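Architecture at a glance
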Amino acid sequence: MRVLVVGSGGREHALVWKVAQEAEVYCTPGNAGIASACECFDVPPSDRPGIVSLAKNIGADLVIVGSEDPLIEGLADDLRAAEIAVLGPGKQAAQLEGSKAFSKRMMVEARVPTADYGEFTDPADAREYVSQMFSRGRSVAVKASGAALGKGVAVCLTPEEAEQAIARTMIEKVYGPAGDTVVIEDCLYGREFSLLTLVSGRSFRSLPVAQDYKRAYDGDRGPNTGGMGTYSPVSWLDDALIERAEQEVVKPLLDTLLKKGIDFRGVLFSGLMVVEGKPYCLEYNVRFGDPETQSIVRRIGAGFVRALKAVADGKPVPEIEVLDNAVVTVVMASEGYPGKYKKGRKISIPTDLAEEVVVFHAGTSMLMDNLVTSGGRVLSVSATGSDLDEARDTAYDAVESISFKGRQYRNDIGL
Ligand code: AMP
Ligand code: GLY
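On to the overall build of the protein chain. Across its full length, the protein chain holds 13 helices and 22 strands. Rg of the C-alpha trace for the protein chain: 21 Å, near the compact-globule value of 22 Å for 415 residues, within the 12% margin. Taken over the C-alpha atoms alone, the protein chain extends approximately 60 × 45 × 40 Å along its principal axes. Taking all 415 residues of the protein chain together, the buried fraction comes to 58%. Within the protein chain, counting contacts between residues at least 6 apart in sequence, those at least 24 apart form 66% of the total. For the protein chain, the exposed surface amounts to about 17,100 Å²; the carbon and sulfur share of it is 47%. Between the centroid of the 46 positive side chains of the protein chain and the centroid of its 58 negative side chains there is a distance of 3 Å.

Our focus in this paragraph is the sheet that holds strand β22 (residues 377-385). The antiparallel open sheet is built from 5 strands, whose spatial order is β12-β15-β18-β22-β19. Each edge of the open sheet is held by one strand with a lone partner, namely β12 (211-212) and β19 (357-361). Pairing of strand β15 (residues 229-232) with strand β18 (residues 326-333) involves 4 bridges; the strand directions are antiparallel. Bridge pairing in β18 links tyrosine 231 to valine 328. The strands touched by helix α1 (residues 10-19) within the sheet are β19 and β22, with β19 carrying the most contacts at an inclination of about 130°. Together, β15, β18, β19 and β22 form the strand contacts of helix α13 (residues 388-401), whose direction differs from that of β18 by roughly 25°.

Here we come to the sheet that holds strand β10 (residues 191-200). Think of a sheet as strands paired side by side through backbone hydrogen bonds, with each pair either parallel or antiparallel. Taken in spatial order, the 4 strands of this open sheet run β11-β10-β16-β17, and their pairing is antiparallel. For this open sheet the edge positions go to β11 (203-206) and β17 (278-285), each flanked by a neighbour on one side alone. Going from strand to strand, the sheet's axes swing by 35° on average, the running direction of each strand aside. Here strand β16 (residues 265-275) pairs with β17 via 7 bridges, running antiparallel. Each bridged residue has a counterpart across the sheet, and for serine 270 the counterpart in β17 is tyrosine 284.

Right, let's get into the site of ligand 2. By nearness alone, every residue bordering ligand 2 is listed as Asp212, Gly226, Phe269, Asn285, Arg287, Gly289, Asp290, Pro291 and Glu292. The separation between an oxygen atom of ligand 2 and a polar side-chain atom of arginine 287 is 2.8 Å. Contact with the protein chains covers 89% of the free accessible surface of ligand 2, which is 200 Å². Class assignment for the residues of the shell around ligand 2 results in 2 nonpolar, 3 polar and 4 charged.

A few words now on the site of ligand 1. Close to ligand 1 lie 15 residues, the nearest being Lys143, Glu185, Leu188, Glu192 and Glu283. With respect to ligand 1, the side chain of glutamate 283 contributes an N or O atom lying 2.9 Å from an oxygen atom. The protein chains hide 93% of the 470 Å² of surface that ligand 1 would expose on its own. For the shell around ligand 1, the elements supplying multiple residues, two or more each, are β7 (140-144), β8 (153-156), β9 (182-186) and β17. In terms of residue class, the shell around ligand 1 is made up of 8 nonpolar, no polar and 7 charged.

Throughout the structure, instances matching the rule amount to 7 aromatic pairs. Over the ring of phenylalanine 269 we find arginine 287, and its NZ or CZ is 5.5 Å from the ring centre.

On the surface, a cluster of nonpolar side chains totalling about 330 Å² of accessible area is made up of Val155, Leu157 and Tyr189. Within the secondary structure layout, valine 155 lies in strand β8. For valine 155, a relative accessible area of 46% gives the class partly exposed.

A few words on the side chain of lysine 100. As for its placement among the helices and strands, lysine 100 is situated in helix α7 (residues 100-109). For lysine 100, the side chain forms a polar contact with the side chain of glutamate 283, separated by 3.4 Å. For lysine 100, the contacting residues outside a window of four places in its chain are Lys143, Ala144, Ser145, Val153, Val183 and Glu283.

Turning next to the pairing of β19. For β19, the tally of buried residues reaches 5 of 5 residues, placing the bulk of the element in the interior. In the sheet, β19 pairs with β22 via 5 bridges, with the strands oriented antiparallel. Its bridge partner lying in β22, valine 359 is registered against valine 381.

Criteria and thresholds
- Residues numbered from 1 in each chain as written.
- Chains lettered and ligands numbered in written order.
- Predicted model: local features only at pLDDT ≥ 70, side-chain atom pairs only at ≥ 80, totals over all residues.
- Heavy atoms only, no water.
- Helix = DSSP H or I, 4+ residues; strand = E, 2+ residues; numbered from the N terminus.
- Rg over C-alpha atoms; globule rule 2.2 N^0.38 Å.
- Buried < 20%, exposed > 50% of the residue type's maximum accessible area, 1.4 Å probe, protein only.
- Contact = heavy atoms within 4.5 Å.
- Areas by Shrake-Rupley, 256 points an atom, 1.4 Å probe, with all protein chains shown as cover.
- Lys, Arg positive; Asp, Glu negative; His and termini not counted.
- Charge placed at Lys NZ, Arg CZ, Asp CG, Glu CD.
- Pairing = 2+ DSSP bridges.
- Axes fitted to C-alpha atoms, helices over the stretch in contact; angles between N-to-C directions.
- Near = heavy atom within 4 Å.
- Polar contact = N/O pair within 3.5 Å; in protein donor to acceptor, adjacent residues only side chain to side chain.
- Nonpolar A, V, L, I, M, F, W, Y, C, P; charged D, E, K, R; others polar.
- Phe/Tyr/Trp six-rings, centres within 6.5 Å; stacked < 30°, edge-to-face > 60°.
- Lys NZ or Arg CZ within 6 Å of the ring centre and 35° of its normal.
- Patch = residues over 30% accessible without salt bridge, like charges linked within 9 Å, V, L, I, M, F, W, Y side chains within 5 Å.
- Salt bridge = Lys/Arg side-chain N within 4 Å of Asp/Glu carboxyl O.

Rendered as structure tokens:
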């Protein structure tokens, strides 16, 4: 079987690494690390006709779309129209991630537990809603409705913070048109986790859970990022809670989508907050998580590609082998991430890393035979072990031995 992975981040490197164990794999456009693992092409994910031609030319039996943007733009529909099997939902269902306003409306229609909210296009109305919420003793999360790389959300503990978030999002437009509409939610307090579920119409099966760290600095301080590290398994989650999330957050959504004639074939990523033992849905994404995937693929044994292909073909999701190990993945980022950062810094990775370590590349490229930084998140260093302590020690030994100027990482992943 031939598989084409579309994208260029740490998640795509992890997918390429895993798929290569079971199939012939190609990637476009990839990055420096992916290019050393498989043949890469230079068609960008935004070039939809180009991706369709490439998939045809290489005879791909399956295309895996890594990030949300091409799905929101309709890449999966174009591939399906050309009779190419693709893991990823069509444009309509991808609105679950492309529009938080749409996503909230779907949650309400499907009766999925979620925070109370309002949806606004006028900053004055948004301010009025915020002042009502605070006068009732609530705090709020202000969210740009459109896709903003996971950065368009501000959790606000005071009315002043909420005012500022509304101004930044709706007036200064720091997230661009993604902030034309805002969703303002009641703040929930609980423990968060993400559930990644392979979905094929009515059939679904969740992958092992990996816990993400969204804040930039140790102790969950600093700005929100795309994700600074993950670990798996997550000890505080039991099977009953996962089953409850599947029954109350995943299944009703799929039923509602099917009623609208939407056959979701891909990965449904449910962002959840557990409040007094009950999972509430904060958001849906329509793709694998980054850096969740870097940990998840290292906990999966046989049957991964077969399962993804079944999903793409609209067949029931087969079982996948889950390994009895633990994994910690630490993201090494550029100085200044998630704000402005410098590129082009030379990276040095020792050749004698422990065999439990895999270094997935994200923002890297080759410049005159040198491996250099070319993005905010640069590397995802993942290590397995028999338990989390062992995996964490091995991961941090590797992280400390990898150098580039201004490297930035959290010290508490998996602690
Ligand atoms: P989202 O992109 O909607 O998942 O939001 C990003 C992050 O903001 C989440 O992972 C939470 O940490 C936080 N967040 C979002 N919505 C809420 C909410 N209603 N209450 C508390 N925290 C939230
Ligand atoms: N790590 C969060 C995400 O992929 O959206």
